[in-house]
Amino acid sequence: MMKKKSVSARKASLVLFLCQMISALDVPLDSKLLEELSQPPTITQQSPKDYIVDPRENIVIQCEAKGKPPPSFSWTRNGTHFDIDKDAQVTMKPNSGTLVINIMNGGKAEAYEGVYQCTARNERGAAISNNIVIRPSRSPLWTKEKLEPNHVREGDSLVLHCRPPVGLPPPIIFWMDNAFQRLPQSERVSQGLNGDLYFSNVQPEDTREDYICYARFNHTQTIQQKQPISVKVFSMDSLNDTIAANLSDTDIFGAKPVTERQPVLLTPTGSTSTKVELRGNVLLLECIAAGLPTPVIRWIKEGGELPANRTFFENFKKTLKIIDVSEADSGNYKCIARNRLGSAHHVISVTVKAAPYWITAPRNLVLSPGEDGTLICRANGNPKPNISWLANGVPIAIAPEDPSRKVDGDTIIFSHVQERSSSVYQCNASNEYGYLLANAFVNVLAEPPRILTPANKLYQVIADSPALLDCAYFGSPKPEIEWFKGVKGSILRGNEYVFHDNGTLEIPVAQKDSTGTYTCVARNELGKIQNEVHLEVKDPTMIIKQPEYKVIQRYGQVSFECVIKHDSTLLPTIIWLKDNDELPDDERFLVGKDNLTIMNVTDKDDGTYTCIVNTTLDSVSASAVLTVVAAPPTPAIIYARPNPPFDLELTGQLERSVELSWIPGDENNSPITNFVIEYEDGLHEPGVWHYQTEVPGTQTTVQLKLSPYVNYSFRVIAVNEIGRSQPSEPSEQYLTKSANPDENPSNVQGIGSEPDNLVITWESLKGFQSNGPGLQYKVSWRQKDVDDEWTSVIVANVSKYIVSGTPTFVPYEIKVQALNDLGYAPEPSEVIGHSGEDLPMVAPGNVQVHVINSTLAKVHWDTVPLKTVRGHLQGYKVYYWKVQSLSIRSRRHVEKKILTFRGNKTFGMLPGLEPYSSYKLNVRVVNGKGEGPASPDKVFKTPEGVPSSPSFLRITNPTLDSLTLEWGSPTHPNGVLTSYILKFQPINNTHELGPLVEIRIPANESSLILKNLNYSTRYKFYFNAQTSVGSGSQITEEAITIMDEAGILHPAVGAGKAMASRQVDIATQGWFIGLMCAVALLILILLIVCFIRRNKGGKYPVKEKEDAHADPEIQPMKEDDGTFGEYSDAEDHKPLKKGSRTPSDRTVKKEDSDDSLVDYGEGVNGQFNEDGSFIGQYSGKKEKEPAEGNESSEAPSPVNAMNSFV
């Protein structure tokens, strides 16, 4: 047997029963285990003992239980069996014992009053619930009574009785007025515990007729109201006046003031009273006194102190409240009412009784066959409760006998139990104030051992710390636990191990050699089982270079180091704190891999900085203090590149890594931002330096990863914002040992160059990747999906190997493995390649063409068998060409077009076809080698389409009323021409288009003479051809009939642009330009004269006309369009139309504007724009813009010319 060193805090397995050590099973709370084990019923949920229900709602009496097998349920009512099947209003929930009594569909709650008890039963016993007393709540109405008004003398006491109806549960009482406002209460006026309203002395303000007592029944959410009570308070003065008026004797009472009185207790009455309260309840004692002035209440306990922390005063100290009372609170409590005239007191003798309460409640007992056990039921109360036992809900005296059971008062002793001894026992402890009922089962189980800890569970601990290996188990009888280390290790014993009762193995101080596999074996007389767990002991995390105390000048830079050493299998995280809080959210704080740097230090950076290193298994920390001092005056700063690092040192040389450290050179007033580390391979590439890595400027050591068979030298370059330093002197050389290659060639491919070969290619390893001398490659291949062995060959350091004599285009599995003098690289992955391709053997069949429209067709074909492709199917090519046009019988050079359709498609679209043409096509399959044979040519024809525009349109021989049109047929008729369509319309001087005339011309015509046209008129012509499909695009031209016979334009009028060039534009004629220049010069001279006379202060006709207008000011003229602004007043600046000048109708007629210079030329006092816009203002109505183009057959008027000139 193992020596037990400790007892699990969670599962106690030793219990002291009757001075004997009797072992009982502890069932682990494992859900899977609990589902498999048989278990007697256990009540898990039940309604309260005193259950008051709402008579308006369904009654739900809860009873839930668990057990294995699931229990069945039955009920008793008032001590007899309650057959729910005979009452249609009662149902039981499925898989539950909860009753639902349907009140809302016709049932009456009063009919179901009574005492109910639930029984849950299975093959291992029966558990019972408490006696549940069902009573419907009641909220009766107030009895009607005649209330007389209360006439009270000022200063007297008064009690207004509430006397609420007796309800279930008792109502909550409060006093309000007719406005539903609570009546104010004070030391003088307050409500008693019985609901009455007490006045220690009444005052005139207490007079009112609406003292109303309300009773609120919370269970039914109803409020009952008593009839209002009237109170009339008479003062002595008013009483004297009334009597004097009636008796004519004013001296009968005199003018006495209100009489003061010493305290008298209104409740309780007498000098003593008694009070009984139950343990655990709230004790409420009340004293309300009458008197004038209003008495003050004080409470004491005779012979003791009021319990601290449980005593409270309510209702202006008239009520003493003690919560959670116990027997120690019994005694005499005195209340003292006092005012300045005296005092009164009352003694309340309090006795605390107790309903039964548990000292030791019986607990479930799980035993193995043949074991002993005990159920203990101990309760206390005042008076002392009576203990009685039941077995499966039946008094134990009449229950079936069990030879293993013996009842001894509050204890049942079990000896040598058997499986048939399983039962549920009930302990009932009762006295006159209540009862307790507890179920406790005895479950006798015979179970082979089970280990609940997951197999192969991994435990990780830090060296020199405890390791706890779990072996949670269960069995009946209780299994014995043994631990072994290793597969065939011996049983573990000795002081270096601690064996816990719950099966846990503890290694108090785990060492590295404690790592391994541990086996837990559990056995009892019914069997044996074992489980393996694994322990890994990790190296502790250490801070090998801790942050140090620093004094730094203000605005300087400081760095704290935190270099750690940790187990290589653990991932550490480093956290920096300032004064035990997070670092400030400031970009000046830079956290590196093993350091903290603070840039531009300020006074607020003073403090303690802590480096915390956490892994999943341990945590270490170290701290340092930073002190910030004022910076001395600094000289002019010179910035430069840093000096090169020096004193490079290699330490910790391993086969695949080395640690490089260095001392930074002077940073020359610009902080070093990073260090660049380079290496030279003196064995393979001497004199060539390669980039290795780079680290932050605050780091001066780095762990470098190395490759085998490389003669390393290292150098370091410092970098700041100015630039890079010179490289440091090289470090000492370090030749790494040779090793097998770590990797295999990449980008392995197998592609045949000929139909009978396979070319295997790969990317060779670089020099330092060889890891040793004698780099070679093992090339292996075998045909895929054929049961062939691998064929291998070892080749020199090349990147290609050709396998000859292969079948055409078959898949091969290929792999290329690197090797050197020390051995092979890891097994390479396989790739799939193919031997060489050959041209496809067959052409696609069943070629069909579906013509969609005159320019688009869809071609279909059947795919060729993949075996005949003899290569990677890349797609299909469609060759198609136009044989001839069906409308123009002429042969021309055949130009074949090709469309390629990728993948294994069976159709394609042929766009861009010419209408009304004959085409041929064929289809070929394509692989990586080339094209296969062509399918037989397929002929198809496209339907007619609309024609292109006529090839030309010429307009010749203009006369006064006719024009001759000549045209050429369309270049692409796209079908049989049916006719030509000619449309034309005149264009007037403003380029507006006139009515459109349409003429249809036979297709065989090529010219037409248009007669009956207007002389000297421009016409626009639209001309297009038609097939049976529709009209084609049109061609347009313009031409002019001549003005008279003498002005016939003999040269032919060509295209539209040529017509425009031959048109005479008067605005471009020399004589007209000269005339306009002369007019402009005269106007300029006139304007100069006007300005000169204005400067002399003269008054001119225009000024006089303007003064005649009602508008007080004239808006300045607009400079953008050469016109005056409109007239306006100071509040309205809405512009009128251009040219508006006359204030009556806002318009100026053309003839008025023509002579405006004559009327006003000598005396205009308005505002002029310097560009002459005054002239434009009076130049008349602006001409309409041309309908299209900038040409005009009408010569511009001088006014228009003047506008355009200025």
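If you're wondering where the values come from, they're calculated on a predicted model, not measured in any experiment.

(A) Quick peek at the sheet that holds strand β16 (residues 158–160). Read across the sheet, 3 strands follow the order β16-β19-β18 without closing on themselves; strand pairing throughout is antiparallel. Only two strands of the sheet have a single neighbouring strand rather than two, namely β16 and β18 (189–191). With direction set aside, neighbouring strand axes in the sheet form an average angle of 15°. With 3 bridges joining them, β16 and strand β19 (residues 197–199) adopt antiparallel strand pairing. For Leu160, the partnering residue across the bridge sits in β19 and is Leu197.

(B) Summary view of the state of the cysteines. A complete count under the given rule lists 6 disulfides for this structure. One disulfide bridge connects Cys562 with Cys611, the sulfur atoms lying 1.9 Å from each other. Every disulfide takes its handedness from the sign of the S-S torsion; for Cys562 and Cys611 that torsion is -65°, giving left-handed. Of this pair, Cys562 sits in the loop between β52 (558–561) and β53 (563–565) while Cys611 sits in strand β58 (residues 607–614), and the two are 49 residues apart along the sequence. The exposure class of Cys562 is buried, given its relative accessible area of 1%. For Cys611, a relative accessible area of 0% gives the class buried. Cysteine pairing for the protein, with bonded cysteines counted in sequence order: 1-2, 3-4, 5-6, 7-8, 9-10, 11-12.

(C) Representation of the nonpolar core. In this structure, Ile59, Ile61, Trp75, Ile101, Tyr116 and Ile134 are the most contacted members of the largest nonpolar core, which totals 29 residues. Elements with a contribution of two residues or more to this core: β5 (50–53), β6 (59–61), β7 (63–68), β8 (72–77), β11 (99–101), β12 (114–122) and β14 (132–136). The element best represented in this core is β12, accounting for 3 residues. In this structure, Tyr116 is in contact with Ile61, Trp75, Thr76, Arg77, Phe82, Ile101, Asn130, Asn131, Ile132 and Ile134, ignoring residues within four places of it in sequence.

(D) Summary view of the confidence of the model for the protein. Per-residue confidence for the protein gives a mean pLDDT of 83, with 83% of residues at or over 70. Confidence over residues 1045–1064 falls short of pLDDT 50; this stretch has 27 contacts with residues more than four positions distant or in other chains. Scored below 50 in pLDDT, residues 1097–1206 shows 148 contacts in the model against residues more than four places distant or in partner chains.

(E) Representation of unusual backbone geometry within the structure. The step from Leu168 to Pro169 runs through a cis peptide bond, and the omega angle for that step is -5°. Structurally, the position occupied by Pro169 is in the loop between β16 and β17 (172–176). Here the amide bond leading from Ser476 into Pro477 is cis, since omega sits at 5°, within 30 degrees of zero. Along the chain, Pro477 turns up in the loop between β44 (473–476) and β45 (480–485). Backbone geometry places Asn78, a non-glycine residue, at a positive phi of 55°. Examined against the element boundaries, Asn78 turns out to sit in the loop between β8 and β9 (80–81). Unlike most non-glycine residues, Asn309 shows phi in positive territory, near 70°. In this fold, Asn309 is placed in the loop between β27 (296–301) and β28 (311–314).

(F) The arrangement of the sheet that holds strand β56 (residues 589–591) in detail. Across the sheet, which stays open at both edges, the 3 strands sit in the order β52-β57-β56 with antiparallel pairing between neighbours. Unpaired on one side and paired on the other, β52 and β56 mark the two borders of the sheet. Geometrically, the sheet is characterised by an average inter-axis angle of 15° between neighbouring strands, direction not taken into account. The pairing of β52 with strand β57 (residues 595–598) spans 4 bridges and is antiparallel. Directly across from Val558, in β57, lies its bridge partner Ile598.

(G) A look at the pattern of salt bridges. What the rule picks out here adds up to 36 salt bridges. Between Glu482 and Arg523 there is a salt bridge, with its nearest N and O atoms 2.6 Å apart. Separated by 41 residues along the polypeptide, Glu482 in strand β45 and Arg523 in strand β48 (residues 516–524) bring together distant segments of the chain. A cluster of three or more residues bridged by salt bridges with shared partners is formed by Asp177, Arg208 and Asp210.

(H) Here's a closer look at the environment of Ser1031. Position of Ser1031 among the secondary structure elements: in the loop between β87 (1018–1026) and β88 (1035–1040). The exposure class assigned to Ser1031 is partly exposed, which follows from its relative accessible area of 36%. With 50 residues separating them in the primary sequence, Ser1031 and Ile981 have C-alpha atoms 8.4 Å apart. The residues touching Ser1031, leaving out its near neighbours within four places in the chain, are Val946, Pro947, Asn1024, Ala1025 and Gln1026. Among the polar contacts made by the side chain of Ser1031, one reaches the side chain of Gln1026 at a distance of 2.6 Å.

Conventions we followed
Residues numbered from 1 in each chain as written. Predicted model: local features only at pLDDT ≥ 70, side-chain atom pairs only at ≥ 80, totals over all residues. Heavy atoms only, no water. Pairing = 2+ DSSP bridges. Helix = DSSP H or I, 4+ residues; strand = E, 2+ residues; numbered from the N terminus. Axes fitted to C-alpha atoms, helices over the stretch in contact; angles between N-to-C directions. Disulfide = S-S within 2.5 Å. Buried < 20%, exposed > 50% of the residue type's maximum accessible area, 1.4 Å probe, protein only. Core = buried A, V, L, I, M, F, W, Y, C linked by side-chain atoms within 4.5 Å. Contact = heavy atoms within 4.5 Å. pLDDT = per-residue confidence, 0-100. Salt bridge = Lys/Arg side-chain N within 4 Å of Asp/Glu carboxyl O. Polar contact = N/O pair within 3.5 Å; in protein donor to acceptor, adjacent residues only side chain to side chain.

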